[in-house]
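# Structural description and commentary
Listed below are the residues making up each chain.
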Amino acid sequence: MGQAMTAAANVRRRVAPRPWVGAVVVPAGQPEHPGFEGATDGRTGDHAEVMALTAAGDAAKGSTLYVTLEPCSHHGLTPPCAEAVIAAGVGRVVIGVADPDQNVSGRGITLLRSEGIDVEIGCCSEDVTRQLAPYLHHRATGRPFVVLKLAATLDGRTAAPDGTSQWITGDEARLDAHRLRADSDAIIVGAGTVRADNPMLTVRLPDAEQGSDDTEPLRVVLGAAPADAAIQPCLEVSGDLSAILQDLGDRGVLQVMIEGGATVAKAFHEAGLVDRYVVYVAPAFFGGDDAIGLFSGPGVPTIGQLWRGRIVDVARVGDDLRLEIEA
């Protein structure tokens, strides 16, 4: 399953809004075999299962198929994968997580079992769920998975009193943030940040990480952006944040990244709309209480109302730390 997850990770930026799925076929009686790999083929090609079965050929008969997401059982852009698995003579299917899509939702598993195939569900489910979180969230709620990206000093400040804020973190952390952009289908920023910083909000990665099918995320401004702003062309929106997210979900956006500023970050946080916080912490101090914080405006009035999440990942990125927090 880990091998299938790696295959899926390698295609993520080239397949969304389709789910990035990986599959591995292990021939019968050959547990030491490296396996035949497959992953979702772009935005219109075959699903991971079919790619792996095609690679395996006759070796698929009686094999074990490991796949991160439940095989589909309906006709969409491609024929049903569950039928392809049955036709290939696979003997056992190991699935990471069931597919909550209303067109699947257990039907693929039922079809496989009805044909006498041994089906195991839940292998590495926690890891697979994390990898597919944007897709699973979108299918369950209709809204994109919201990632709030923040960068701060050790004393929790994001900008100096005069508003200057660039380069709090080092080169490696900024590159990592571009990877986060590349994994997102849309980026949201406030109009105030556009006027103050005039960001481009494009993905800038080394050539080795740029895929030929990669596309830039949709740039979304809360409010109005100047006609000559570097972020143009962009989508300008206003109103209820939940409604904005619903509209983005209807557009096929699976993951949205909130880039700032402090007012926008506070609005999404306060509304309970953030699914994952990614905080880059630099080994630096402003050393006072007059620098700008992560959020603007008053916080909770008493310790009993303190928001608490759980840290799901900690990594050193150059000289900085990257923290991932979920509710």
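Keep in mind the model is a prediction, meaning the values are calculated, not measured.

### Examining the overall build of the protein
Assigned secondary structure in the protein consists of eleven helices and 15 strands. Over its C-alpha trace the protein gives a radius of gyration of 22 Å, about what one expects of a compact globule, namely 20 Å for 327 residues. Across its three principal axes, the protein shows a C-alpha extent of roughly 70 × 45 × 35 Å. Out of the 327 residues in the protein, the part that is buried amounts to 47%. Contacts in the protein between residues far apart in sequence, at least 24 positions, make up 73% of those at least 6 positions apart. Carbon and sulfur atoms form 51% of the exposed surface of the protein, whose accessible area is close to 15400 Å². In the protein, 27 side chains carry a positive charge and 43 a negative one; their mean positions are 2 Å apart.

### So, the sheet that holds strand 4 (residues 92-97)
Read from one edge to the other, the open sheet built from five strands follows the order 2-1-3-4-5, with strand pairing classed as mixed. Of all strands in the sheet, those bounded by a partner on one side alone are strand 2 (36-39) and strand 5 (118-121). Neighbour-to-neighbour, the strand axes of this sheet turn through a mean angle of 15 degrees, independent of strand direction. Bridge count between strand 4 and strand 5: four bridges; the pairing is parallel. Note on strand 5: the bridge partner recorded for R92 is D118.

### Examining the sheet that holds strand 6 (residues 145-153)
Read from one edge to the other, the open sheet built from eight strands follows the order 10-9-8-11-6-12-15-14, with strand pairing classed as mixed. At either margin of the open sheet sits one strand with a lone partner, and together these are strand 10 (235-237) and strand 14 (310-317). Taken pair by pair, the neighbouring strands of this sheet meet at an average axis angle of 25 degrees, ignoring direction. Sheet contacts for helix 11 (residues 262-270): strand 6, strand 8 (186-190), strand 9 (218-222), strand 11 (255-260) and strand 12 (276-282); angle to strand 11, the most-contacted strand, approximately 135 degrees.

### Comments concerning the pattern of salt bridges
Counted under the stated rule, the structure contains 17 salt bridges. A salt bridge links E324 to R130, with the shortest nitrogen-to-oxygen separation between them at 2.3 Å. On the criterion of sequence distance, the pair formed by E324 in strand 15 (residues 320-326) and R130 in helix 6 (residues 125-131) is long-range, its members being 194 residues apart. In this structure E324 comes out as buried when scored by relative accessible area, which is 5%. One network of salt bridges, in which partners are shared, links R130, D176, R179, R276, R310, R322, E324 and E326.

### A short note on the pairing of strand 6
Among the nine residues that make up strand 6, eight are buried, leaving the element largely enclosed by the rest of the structure. Relative to strand 11, strand 6 runs parallel, the two being bridged by four bridges. Counted as the bridge partner of F145 is Q255 from strand 11. For strand 6 and strand 12, the ladder comprises seven bridges, and the chain directions are parallel.

The rules behind each value
Residues numbered from 1 in each chain as written. Predicted model: local features only at pLDDT ≥ 70, side-chain atom pairs only at ≥ 80, totals over all residues. Heavy atoms only, no water. Helix = DSSP H or I, 4+ residues; strand = E, 2+ residues; numbered from the N terminus. Rg over C-alpha atoms; globule rule 2.2 N^0.38 Å. Buried < 20%, exposed > 50% of the residue type's maximum accessible area, 1.4 Å probe, protein only. Contact = heavy atoms within 4.5 Å. Areas by Shrake-Rupley, 256 points an atom, 1.4 Å probe, with all protein chains shown as cover. Lys, Arg positive; Asp, Glu negative; His and termini not counted. Charge placed at Lys NZ, Arg CZ, Asp CG, Glu CD. Pairing = 2+ DSSP bridges. Axes fitted to C-alpha atoms, helices over the stretch in contact; angles between N-to-C directions. Salt bridge = Lys/Arg side-chain N within 4 Å of Asp/Glu carboxyl O.

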